[in-house]
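For reference, the chains in residue letters:
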Amino acid sequence: MSNSGEAESPLLQCRGVSKSFGAVQAIYKIDFEVRAGEVMALVGDNGAGKSTLIKGIVGIYPFDEGTVEFQGQAVSIGSPREAAALGIEVVYQDLALADNLDVVANMFLGREVTKNGVMNEVAMEHRAQATLESLKVTTLRSVRQTVAGLSGGQRQAVAVAKAVMWGDSKMIILDEPTAALGVAQTRQVLDLVGRLAEQGYGVVIISHNLHDIFEVADRITVLRLGQQVAVMDRRGSTQQDVVHAITAGEMKYVPGMDNQEVAS
Amino acid sequence: MSDDDIRDVEFVDEATGEVLGIDDANQAALAGPGRTAGFAGPTSGVKEYLRQRWDSVKAGELGSLPIIVGLIVIVLVFGTLEDQFLTSRNFTNVLLQMAPIAFLAIGIIFILLIADGEVVTIDLSVAFVAATCGTVLVLLQRPDDPGWPWWAAILAALLLGTAIGLLHALIITKLGVPSFVTTLAGFLVWSGVVLWLTLDFTDAGFIRIQDQRLVDLANKFFEDDWVGWALGAAVVAVYALIRLNDLRSRAARGLTSTPFPIVMAQIVGVAVLSFGAVAIANSDRGVPLVTLILGLFLAFWTFIVSKTRFGRHIYAVGGSPEAARRAGISVDNIRIACFMINGFMAGVGGTILVSRLRSTSSNIAGGNLLLEVIAAAVIGGVSLFGGSGRIIAAFYGALVITSIKNGMELMGLSSGFKFIITGIVLLLAVLVDSISKRRRTQRGLA
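Residues numbered from 1 in each chain as written. Chains lettered and ligands numbered in written order. Predicted model: local features only at pLDDT ≥ 70, side-chain atom pairs only at ≥ 80, totals over all residues.

**A word on the overall build of chain B**
- When helices and strands are counted, chain B shows 18 helices and 4 strands.
- For chain B, the residues scored as buried account for 39% of the 446 residues in total.
- Taking as baseline every contact in chain B between residues at least 6 positions apart, the subset at least 24 positions apart corresponds to 77%. (Helix = DSSP H or I, 4+ residues; strand = E, 2+ residues; numbered from the N terminus. Buried ≥ 20, exposed ≤ 12 C-beta atoms within 10 Å, placed from the backbone. Contact = placed C-beta atoms within 7 Å.)

Put into structure tokens, the structure is as follows:
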């Protein structure tokens, strides 16, 4: 990929980000980075802080402290709108598609193309179709069928296509994209994830399924109890290593003791 | 060598030496019908099109099918049981009788469309809001007291309806009171207001409309035959223009579309229906003015819901409020707007109602008006579960409900019987909705 030379300046770089909800420290001083053209997996047990980290990045719950850089620029993202404006798109686990609308309407929801106040259906359908084809999504019968009639994998594909369709999308975050899918459909989605990285997007995939992660991820960031305990290269590590990090990874900070690194 | 093969060759020539990527996909999509690689989708075959339509009917997307079946049953049943039913005089009567229901049903559709997931949104007050608006109109136009001109009185009725819709909407969205409860309270309040206006405020109980122009709205016919024919021709021309233009612009971008013979058949069908209706109406008193007004409202709101972003967002809010919210749509604003449209249409319906009765009185919205309005929307194919249904459903549903009522009255059935049969028809319509929704959901999960 053309992006391999840019390894030194990541697409997204979070340094020391923290977020607490009242007395609960959800994440603490996490470092997290994503490069363009790579698939970064984000793993951890329930409550490890994966969702909080993502919600901080896209501005749903902005971080309390720490810095975020996007494309080398320090940014402060206060809302999902601002994240989208920068080119960060999230595909949520529950997909956020409207069942009663067709594929095209869903892909353009909230950003419909209009001409003199009237929706330009032809332009929208044309662009939606081109986007799906660029992602090699070939299983849809028609882009004018309602989402209610799609399989789980097809829905995931539509949601991903929706995220990448916007010309300025640079980073795609996938929240448990294979959680509810069968074998064949998981296959489709993983292929899609790989294709996104090939096309130069920075991809973050949150998953509980290590098998899936080892198929597509380039690197793996492990969170444990709100802290980042490891960043591994997929090629140099085994599933055993990841499981160990998830369950017993070494914490850098003592919970509740500010700025006190664990004496090793 | 077939057409497709030739296009393939051209495409390869163009693409020679090009780097594979998004651009290729764009070119593929641009290259014309048959080049929509990857979509084993609808092509221009009539057979294929019909097969797909049948598949989607089986999967629970029924469209207008229940209505067509229902109308055929009505024509057969009442046509055989009652000589007077299938006469041109009765046809124009039905057109007049259905008008108030149809106007109010248009408004109710906007409420049903925004149902919040499993919770039905409803307006139980619509009949009495309409009655309030109509009564205010009648009071305002009384000569010298205060003697407003007819158009100002109508404007006041429409504004009042819209304001009442806004009031209900604010209580529902900002204070979180369910629509069922809010409008149940509204049902009582506005029926009380009607009683107060007609009994206490004026001490009359019955106020006649003096201005003939107001009476004409719901009672006048176009007696000159040519007007009816011109209206019929306008309907066909507009329909044909929209369909053919759509076909042309889709073909220009290489998108698949409904096969041309099917579109032509649909245009011919619309022509047969509208000219047939005009012919029947002309053989009696002519096309009613109120039918023209209804047609204009149907066309306007159909345009709004199907061609504008606002309309698309209404369906999104009704289908998945969460998806709409994440897409940056203000769900509350859409809901408020829908309640205001419903209130506005209640103003229109109230105007037509008092015009048709040439008066207002203390029991103007008595009887079953509310139930008939909601039944009309549901029978017309608007889902109670939100996010599904077209504006034309108001017309279909009002036609069905009015035909049944009209037929039963011609047969001289007792009130008890009429209630029972109307109730069963409503239940059937809701059953069709529920079952088809279940089919759709099952298919989605499969």
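**Some points on the overall build of chain A**
- Summing up its helical and strand segments, chain A has 8 helices and 12 strands in all.
- Taken over C-alpha atoms, the radius of gyration comes to 19 Å for chain A, in line with the 18 Å a tight globule of 264 residues would show.
- By its C-alpha atoms, chain A is 65 × 40 × 40 Å across when sized along the principal axes.
- Burial status across chain A gives 52% buried among its 264 residues.
- Look at the contacts in chain A between residues 6 or more apart in sequence, and 65% of them connect residues 24 or more apart. (Rg over C-alpha atoms; globule rule 2.2 N^0.38 Å.)

**As for the sheet that holds strand β2 (residues 24-34) of chain A**
Residue and element names in this part refer to chain A.
- If you trace the 4 strands from one edge of the open sheet to the other, you get β2-β1-β4-β5, paired in antiparallel fashion. This sheet does not close on itself; its edge strands, each paired only once, are β2 and β5 (73-75). Each neighbouring strand pair of the sheet contributes to a mean axis angle of 30 degrees, computed without reference to strand direction.
- Sitting on the sheet, helix α1 (residues 50-57) touches β1 (12-21), β2 and β4 (65-70), and the angle it makes with β2 is about 65 degrees. (Pairing = 2+ DSSP bridges. Axes fitted to C-alpha atoms, helices over the stretch in contact; angles between N-to-C directions.)

**Some details on the packing of helix α12 (residues 289-307) of chain B against helix α13 (residues 309-319) of chain B**
All names here are of chain B.
- Direction vectors running N to C along α12 and α13 enclose 70 degrees, while the axes themselves pass 5 Å from each other. When the interaxial angle is binned, α12 and α13 end up roughly perpendicular. Across the interface between the two elements, I304, V305, S306 and K307 of α12 pack against F310, G311 and I314 of α13.
- Split by residue class, the contact of α12 with α13 holds 4 nonpolar, 2 polar and 1 charged. (Parallel < 35°, antiparallel > 145°, perpendicular 65-115°, else oblique. Nonpolar A, V, L, I, M, F, W, Y, C, P; charged D, E, K, R; others polar.)

**So, the confidence of the model for chain A**
- For chain A, per-residue confidence averages 85 on the pLDDT scale, and residues scoring 70 or more make up 92% of the total.
- Under a pLDDT of 50 for its full length, residues 1-7 of chain A has, in the predicted model, 10 contacts with residues more than four places off or in other chains. (pLDDT = per-residue confidence, 0-100.)

**What to know about the sheet that holds strand β9 (residues 171-175) of chain A**
Residues and elements named next belong to chain A.
- Taken together, 6 strands build an open sheet; the order of strands is β6-β9-β10-β3-β11-β12 and the sheet is mixed. Two strands in the sheet have a free side with no partner beyond their single neighbour: β6 (88-91) and β12 (227-233). For this sheet the average axis-to-axis angle between neighbouring strands, irrespective of direction, equals 20 degrees.
- Here 4 bridges tie β6 to β9, and the two strands are oriented parallel to one another. Residue pairing in the sheet places I88 in a bridge with M171 of β9.
- Helix α5 (residues 152-165) rests against β6 and β9 of the sheet, and its axis sits at about 170 degrees to β6.

**Here's the deal with the nonpolar core**
Residues and elements named next belong to chain B.
- Formed by 180 residues in total, the largest nonpolar core has its most connected members in A102, A105, I109, V373 and A377.
- Broken down by element, the residue count for this core peaks at 15 residues, all from helix α5 (residues 88-113).
- Beyond its immediate stretch of four places on either side in the chain, A105 contacts V373, A376, A377, A394, G397 and A398.
- The next biggest cluster of nonpolar side chains, apart from the first, holds 5 residues, and it includes F221, F222, V278 and A281. (Core = buried A, V, L, I, M, F, W, Y, C linked by C-beta atoms within 7 Å.)

**Regarding the packing of helix α9 (residues 212-219) of chain B against helix α15 (residues 331-357) of chain B**
Residue and element names in this part refer to chain B.
- Relative orientation of the contacting elements α9 and α15 amounts to 100 degrees, with a least axis distance of 7 Å. As the angle between them shows, α9 and α15 are arranged roughly perpendicular. On α15, the residues that touch L214, V215, L217, A218 and N219 of α9 are T351, I352, S355 and R356.
- Across the contact of α9 with α15, the residue classes break down as 5 nonpolar, 3 polar and 1 charged.

**Describing the environment of G72 of chain A**
All names here are of chain A.
- Tracing the chain through its elements places G72 in the loop between β4 and β5.
- Judged by local crowding, G72 falls into the exposed class, with 10 C-beta atoms found within 10 Å.
- Residues G72 and R127 lie 55 residues apart in sequence; the distance between their C-alpha atoms is 31 Å.

**Details of unusual backbone geometry**
- Of note, K29 of chain A is a non-glycine position whose phi angle comes to about 45 degrees, a positive value.
- Relative to the assigned elements, K29 of chain A resides in strand β2.
- The partly exposed category is assigned to K29 of chain A, around which 19 C-beta atoms lie within 10 Å.
- A positive phi angle, near 60 degrees, is found at R358 of chain B, a position not held by glycine.
- Mapped onto the secondary structure, R358 of chain B falls in the loop between α15 and β4 (359-361).

**Here's the deal with the environment of G149 of chain A**
- With respect to the secondary-structure elements, G149 of chain A resides in the loop between α4 (121-134) and α5.
- Between the C-alpha atom of G149 of chain A and that of T52 of chain A, which follows or precedes it by 97 residues, the distance is 32 Å.

**Here we look at the environment of G412 of chain B**
- Examined against the element boundaries, G412 of chain B turns out to sit in the loop between α17 (393-410) and α18 (415-445).
- Taking the C-alpha atoms as reference, G412 of chain B lies 34 Å from G186 of chain B; in sequence the two are 226 residues apart.

**A closer look at α15 of chain B**
Residues and elements named next belong to chain B.
- Helix length check: α15, at 27 residues, gives a terminal C-alpha distance of 39 Å against a target of 39 Å (1.5 Å per residue), a fit within 8%.
- For α15, the tally of buried residues reaches 21 of 27 residues, placing the bulk of the element in the interior.
- Positive phi appears at R358, one or two residues downstream of α15, with a value of about 60 degrees. (Expected span 1.5 Å × (residues − 1).)

**Topic: helix α4 (residues 65-81) of chain B**
Residues and elements named next belong to chain B.
- Its 17 residues give α4 an end-to-end C-alpha distance of 24 Å, which sits within 8% of 24 Å, the value for a rise of 1.5 Å per residue.
- Residues of α4 that are buried: I67, G70 and F78. Seen end-on, α4 carries its buried residues on one side only, within an arc spanning 60 degrees. Exposed residues on α4 whose side chains face more than 90 degrees from its buried face are I68, V69, I72, V73, L76, G79 and T80. (Arc of directions from axis to C-beta.)

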